[in-house]
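# Topology and contacts: notes
What follows is the residue order along each chain.
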Amino acid sequence: MKTIGILTSGGDSQGMNAATRAVTRKALDEGFRVMGIKKGYNGLINGEIEELFASSVSGKLSRGGTFLQTARCLEFKEEAGILKAVETCKEFGIEGIVVIGGDGSFRGARDLCLHGIKCVALPGTIDNDIVCSDYTIGFDTALNIVVEMVDRLRDTCESHDRCSVVQIMGKNAGWVTLESSISTGATAMVVPEVEFDFERDIVQRIRKSQALGKNHFIILVSEGVFFDVPSNKNYKYVKEHGIDSAAAFAAKVQQMTGVEAREAILGHVQRGGSPTARDRIIATEMGNYAVGLLKNGISNRVVVMKDNKITDYDILEALQMKKPFDRERFNMANAINI
Ligand code: ADP
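Predicted model, so just to flag it, every value in this text is computed and none were measured.

A few words on the overall build of the chain. Within the chain, the secondary structure is distributed over twelve helices and eleven strands. C-alpha atoms of the chain, sized along the principal axes, occupy 70 × 35 × 35 Å. Expressed as a percentage of the 338 residues in the chain, the buried residues total 55%. Considering only contacts within the chain whose residues lie at least 6 apart along the sequence, 72% involve residues at least 24 apart. Looking at the chain as shown, the accessible area adds up to about 14300 Å², and 48% of this sits on carbon and sulfur atoms.

Below, the structure written as structure tokens:
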């Protein structure tokens, strides 16, 4: 193999640039030519590709976003799109590709493998919802942003004896909310994976907290709680109880407890900004590992973090794995955060 490509796909996350940099520099060091594919699989279909040199990734380690840009590409889900992508690979001499993204992007990588393009995938998303890996690039940065924002909200809640209902990203999963809850001492959290009851898990927790002398409260709610997807155990409940948005949730808190409540939707601020040291390090290690696989002629693999070690799995096997929600940590947070 002489030439490898690299692309970022799906939602962006902090640390994607760090991974791109590591792949580029390590691949060049191994004597490969490196091609940067723009806007995910779109670039592969349209031929939006430029050669990357060591200097192309200078100054990128500390930058959020992805300089290769990313996109969702519906055309690539069709056989015709994949065939176009394979043609482009031939045109540019690309024999292997490192794909950084989520589950959807991994499926695309597998499809390319089936057509003879050797792919290795890296888990990149703030949501930490990739079942095969304990960790995904971007999670730590997003978590730290949430913690900073919630700390700020807590200051003003304290000044006004208010409750803040904070909507947290995470797609269909509650990992960002869980770890933010542990890190901020939120009064309550609601995640898609665990059924909740408004009276027991919100009102009574606020009452308990009030009995200890507290007058300000933080409630973290995963955005996924409001999504109509089978994995969300609370969708029917929030619909039936008229609490199917952060604003409606906050209004209900105020109505049921008498505490003034406001919603705060953190949104895409969680996806931007400079990656933390942890994300830079893991992105670098995973990028380095991915090139090692390709160099040894190994492909159709996802690079993962398992028990604090970087390893790799077959893409299809990886997609079929399960990652049960950590109820123990959920219960721990609820016991300690009053
Ligand atoms: P993520 O990678 O973050 O899970 P998506 O699910 O949006 O994000 O997938 C990103 C891109 O990967 C899609 O826009 C599409 O180009 C490609 N992709 C997703 N699912 C498939 C699939 N089943 N087969 C081929 N390509 C896919």
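Here the focus is the sheet that holds strand β7 (residues 188–190). Sheet architecture is open: four strands sit in the order β7-β8-β6-β9, paired in parallel fashion. Both outer strands of the open sheet, β7 and β9 (260–265), are each paired with one neighbouring strand and no more. Each neighbouring strand pair of the sheet contributes to a mean axis angle of 20°, computed without reference to strand direction. In this structure, strand β6 (residues 162–168) lies alongside strand β8 (residues 217–222), joined through six bridges in parallel fashion. By the bridge assignment for β8, V166 is matched with L220. On the sheet, helix α5 (residues 139–160) packs against β6, β8 and β9 and is oriented at approximately 160° with respect to β6.

Glancing now at the environment of M1. On the secondary structure map, M1 appears in the segment before β1 (3–8). Using a relative accessible area of 36% as the deciding quantity, one classes M1 as partly exposed. Once residues within four sequence positions are removed from consideration, M1 is found in contact with F32, E95, G96, K118 and L294.

Another aspect to go through is the pattern of salt bridges. What the rule picks out here adds up to 14 salt bridges. Between R162 and E260 there is a salt bridge, with the nearest N and O atoms lying 3.3 Å from each other. Of this pair, R162 sits in strand β6 while E260 sits in strand β9; the two residues are 98 residues apart in sequence, bridging distant segments of the chain. Residue E179 pairs with R329 through a salt bridge whose shortest N-O separation is 2.8 Å. Residue E179 is found in helix α6 (residues 175–184), and its partner R329 is found in helix α12 (residues 327–336); the two are separated by 150 residues along the sequence. The exposure class assigned to E179 is buried, which follows from its relative accessible area of 15%.

What follows deals with the domain arrangement of the chain. In terms of domains, the chain is made up of domain 1 (3–138 + 275–320) and domain 2 (142–271). Each of domain 1 and domain 2 has a C-alpha centre, and these two points are 34 Å apart. Contacts between domain 1 and domain 2 engage nine residues on the former and eleven residues on the latter. Counting the contacts that link domain 1 with domain 2 gives one salt bridge. Residues D12 and R271 are paired through a salt bridge, measuring 2.7 Å at the closest nitrogen-oxygen approach. Where domain 1 packs against domain 2, one counts four residue pairs in polar contact (both at pLDDT 80 or more). Tallied by class, the residues present in the side of domain 1 that touches domain 2 amount to one nonpolar, five polar and three charged.

Our next topic: the packing of aromatic side chains. The tally for this structure, following the rule as stated, stands at seven aromatic pairs. Seen in terms of ring centroids, W175 and F325 are 5.1 Å apart; in terms of plane orientation they differ by 50°. Their pairing is tilted. Taken together, the residues span a long stretch of sequence, with W175 in helix α6 and F325 in the loop between α11 (315–320) and α12 at a distance of 150 residues. Each member of the pair W175 and F325 is classed as buried.

Spatial strand order, β3-β2-β1-β4-β5-β10-β11: seven strands in an open sheet with mixed pairing. If you trace the sheet from one side to the other, it starts and ends with β3 (49–52) and β11 (309–314), each paired once. Strand-to-strand, the axes of this sheet are offset by a mean angle of 25°, without reference to chain direction. Taken together, the four bridges between β1 and strand β2 (residues 33–37) define a ladder with parallel strand orientation. Along β2, the bridge assignment pairs T3 with R33.

A few words on the site of the ligand. Around the ligand sit 15 residues in total, of which R72, C73, G102, S105 and D111 are the nearest. Separating an oxygen atom of the ligand from a side-chain N or O atom of R72 is a distance of 2.5 Å. Burial of the ligand by the protein chains amounts to 83% of its free accessible area of 550 Å². With six residues, helix α4 (residues 103–114) is the largest single contributor of residues to the shell around the ligand.

Cut-offs and rules
- Residues numbered from 1 in each chain as written.
- Predicted model: local features only at pLDDT ≥ 70, side-chain atom pairs only at ≥ 80, totals over all residues.
- Heavy atoms only, no water.
- Helix = DSSP H or I, 4+ residues; strand = E, 2+ residues; numbered from the N terminus.
- Buried < 20%, exposed > 50% of the residue type's maximum accessible area, 1.4 Å probe, protein only.
- Contact = heavy atoms within 4.5 Å.
- Areas by Shrake-Rupley, 256 points an atom, 1.4 Å probe, with all protein chains shown as cover.
- Pairing = 2+ DSSP bridges.
- Axes fitted to C-alpha atoms, helices over the stretch in contact; angles between N-to-C directions.
- Salt bridge = Lys/Arg side-chain N within 4 Å of Asp/Glu carboxyl O.
- Domains from an automatic or database assignment.
- Polar contact = N/O pair within 3.5 Å; in protein donor to acceptor, adjacent residues only side chain to side chain.
- Nonpolar A, V, L, I, M, F, W, Y, C, P; charged D, E, K, R; others polar.
- Phe/Tyr/Trp six-rings, centres within 6.5 Å; stacked < 30°, edge-to-face > 60°.
- Near = heavy atom within 4 Å.

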